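An overview of the molecular structure
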Amino acid sequence: MLDLNQLSVFIRVVDEGSFTAAAKSLGMTKSRVSRMVAELEEALGVRLLQRTTRQLHLTEVGHAYYSSCSQSVKEIHEAHRMIADREASPHGLLRIVAPVIAGSGLMGHYFARYQRLYPDVRIEVTYTDRQFNLIQDGFDLGVYIGLQPDSSLVSRILTESNSVICASPAYLAEHGVPQVPSELAALRSVKIGEGKQPLHLALTHKITGETVEVDIEPNMVTNLIAGAVNSIVHGAGIGEVPYLLAGEEILSGHLIPLLRDWQIRPQPISLAYPSRQYLPKKVRLFIDFMVDELAQVDKIIQKLETPEEQLSSFRAHLLGQ
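Let me begin by describing the structure that accompanies this report.

Cut-offs and rules
Residues numbered from 1 in each chain as written. Predicted model: local features only at pLDDT ≥ 70, side-chain atom pairs only at ≥ 80, totals over all residues. Heavy atoms only, no water. Helix = DSSP H or I, 4+ residues; strand = E, 2+ residues; numbered from the N terminus. Buried < 20%, exposed > 50% of the residue type's maximum accessible area, 1.4 Å probe, protein only. Contact = heavy atoms within 4.5 Å. Areas by Shrake-Rupley, 256 points an atom, 1.4 Å probe, with all protein chains shown as cover. 1 Å grid on protein atoms, 1.4 Å probe; cavity = no way out; pocket = protein on both sides within 12 Å on 5 of 7 lines; lining within 4 Å. Points joined across faces, edges and corners; volume = space filled by probe spheres on them. Pairing = 2+ DSSP bridges. Axes fitted to C-alpha atoms, helices over the stretch in contact; angles between N-to-C directions. Salt bridge = Lys/Arg side-chain N within 4 Å of Asp/Glu carboxyl O. Phe/Tyr/Trp six-rings, centres within 6.5 Å; stacked < 30°, edge-to-face > 60°. Patch = residues over 30% accessible without salt bridge, like charges linked within 9 Å, V, L, I, M, F, W, Y side chains within 5 Å. Core = buried A, V, L, I, M, F, W, Y, C linked by side-chain atoms within 4.5 Å. Parallel < 35°, antiparallel > 145°, perpendicular 65-115°, else oblique. Left-handed = near helix turned anticlockwise from the far one by under 90°. Nonpolar A, V, L, I, M, F, W, Y, C, P; charged D, E, K, R; others polar.

Across its full length, the protein carries eleven helices and 15 strands. The buried share of the protein, taken over its 321 residues, is 38%. Look at the contacts in the protein between residues 6 or more apart in sequence, and 72% of them connect residues 24 or more apart. Accessible surface, the protein: about 18400 Å² in total, of which carbon and sulfur atoms supply 50%.

Shown next as structure tokens:
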């Protein structure tokens, strides 16, 4: 079996003109260089070099072997060097798949910040609510909200997504403000998602720990969070929306959070990827970047008591204020 290390040493000996010079350039002992050339000759069953105390000469077969192999070996070393250089500074295409709801939120902000840090990485993002296979579909990373369906993937939880039930001031003025979870079922609602299933809310009282589940028949269903928020703002009914994604409308007073003593069970937001082994640097750096960014966000909002304060500070953080 061909040993590329032995072949590389043989080529270096020829290029340098002696075992001593080759050993020095390779950072090896002269005896090891000599032994590796001898082992290559033994494996081939031919003599490649004629050795004297002062000179080395290629044999006829050695000259033919060197001429045939030297360029190929140099190209292999160049390919290895190129890969090492690319890994030192991330390059190439980073393909990410994420749910539609993430595309209506803040992911674009993080993609832009990552690309400013690593301008040689080109990002391609696919937003979909359909089932996808991360490996077969050729994605480097997947963003998941809630449970991850494929347990074979490596997953890194970034943070949790808190949602809020809200409605427009005009809708509440006409239909009244619900005081307990059971009153939600009598109101019109907008559901983010697909299908005919009811809007299911699992609520926990912040003080007593009481849990209540409410199913509401939606009057409108959309798979686009921006469309849902816009419809709720214009009086289509109540809706459950991720707090940070509806933050601007809440801060401006266009949406009113309901049942403030109750909270919806938060869902994990995670990044998934096929394997930890030989993880490309562009992928590893994106994961580290997102973990660091969202850790800063959590640190900021955990110091503040009210959702409005949290949203305001979060917005200031995104704007670099």
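After presenting the structure, the write-up continues.
What the second largest pocket holds in volume is close to 260 Å³. Residue assignment for the lining of the second largest pocket shows that the elements contributing at least two residues are α1 (4-16) and α4 (60-88).

Looking now at the sheet that holds strand β4 (residues 121-127). Where strands meet in a sheet, backbone hydrogen bonds hold them as pairs that are either parallel or antiparallel. Judged by pairing direction, the sheet is mixed, and its five strands sit side by side in the order β4-β3-β5-β15-β6 without closing on themselves. On the outer flanks of this sheet lie β4 and β6 (154-161), each paired with one strand and no other. Put simply, the sheet's adjacent strands are angled 20° from each other on average, direction ignored. Across two bridges, strand β3 (residues 92-98) lies against strand β5 (residues 141-145) in parallel orientation. What sits directly across from Ile96, in β5, is Leu141.

Here the focus is the pattern of salt bridges. This structure, assessed with the given rule, holds three salt bridges. Across the pair Glu124 and Arg95 runs a salt bridge, and its minimum N-O distance is 2.8 Å. Taken together, the positions of Glu124 in strand β4 and Arg95 in strand β3 put the pair 29 residues apart, joining distant regions of the chain. Arg113 is the partner of Glu293 in a salt bridge, and the nearest nitrogen-oxygen pair spans 3.1 Å.

So, on to the sheet that holds strand β13 (residues 256-257). Overall, mixed pairing links the five strands, which are arranged β11-β8-β12-β7-β13 in an open sheet. Only two strands of the sheet have a single neighbouring strand rather than two, namely β11 (220-222) and β13. Lying on the sheet, helix α8 (residues 225-233) is in contact with β7 (163-167), β8 (189-192), β11 and β12 (238-242); it crosses β12 at an angle near 140°.

Turning next to the side chain of Thr222. Tracing the backbone shows Thr222 in strand β11. Among the residues examined, Thr222 registers a relative accessible area of 18% and is labelled buried. If sequence neighbours within four positions are ignored, Thr222 has contacts with Val190, Lys191, Ile192, Gly193, Gly227 and Ala228.

Once that is clear, we can look at unusual backbone geometry. The phi angle of most residues is negative, glycine excepted, and most peptide bonds adopt the trans form. A positive phi angle, close to 50°, is found at Leu259, a residue other than glycine. Structurally, Leu259 can be placed in the loop between β13 and β14 (262-264). We classify Leu259 as buried; its relative accessible area is 10%.

The next subject is the packing of aromatic side chains. The final tally for this structure, using the stated rule, is six aromatic pairs. Ring centres of Phe10 and Tyr65 lie 6.0 Å apart, and the angle between their planes is 40°; this geometry places the pair in the tilted category. Residue Phe10 is located in helix α1, and its partner Tyr65 is located in helix α4; the two are separated by 55 residues in the primary sequence. Of the two residues, Phe10 and Tyr65, neither departs from the other in class, the shared state being buried. Taken together, Phe111, Tyr114, Tyr118, Phe286 and Phe289 form an aromatic cluster joined through their ring pairs.

A word on a nonpolar patch on the surface. A cluster of nonpolar side chains, Leu2, Leu4 and Ile76, forms an exposed patch at the surface whose accessible area comes to about 260 Å². Here Leu2 lies in the segment before α1.

With that settled, the discussion passes to the nonpolar core. Core analysis: the largest hydrophobic core is formed by 25 residues, its most contacted members being Leu94, Ile96, Tyr114, Leu141, Phe286 and Met290. Take this core: its biggest share by element is eight residues, from helix α10 (residues 281-302). Excluding residues within four positions of it along the chain, Leu141 makes contact with Leu94, Arg95, Ile96, Val97, Leu134, Ala272, Tyr273, Val283, Phe286 and Ile287. Ranked by size, the runner-up nonpolar core spans 18 residues in total, among them Ala22, Val33, Val37 and Tyr65.

The buried count for β7 comes to five of five residues, which makes it a mostly enclosed element. Alternating positions in β7 separate into two faces, Ser163, Ile165 and Ala167 on one and Val164 and Cys166 on the other, with burial throughout. Of the strand pairs in this sheet, β7 and β12 are connected by four bridges, and their pairing is antiparallel. Across the sheet, Ser163 pairs through a bridge with Pro242, a residue of β12.

What follows is about the packing of α1 against helix α2 (residues 19-26). α2 packs onto α1 with a crossing angle of 120° between their chain directions and a minimal axis gap of 8 Å. Judged on the interaxial angle alone, α2 and α1 are oblique. The hand of the α1/α2 crossing is right-handed. Where α1 abuts α2, its residues Val9, Arg12, Val13 and Glu16 lie against Phe19, Ala21, Ala22, Ser25 and Leu26. Of the residues contributing to the contact of α1 with α2, the split by class is six nonpolar, one polar and two charged.

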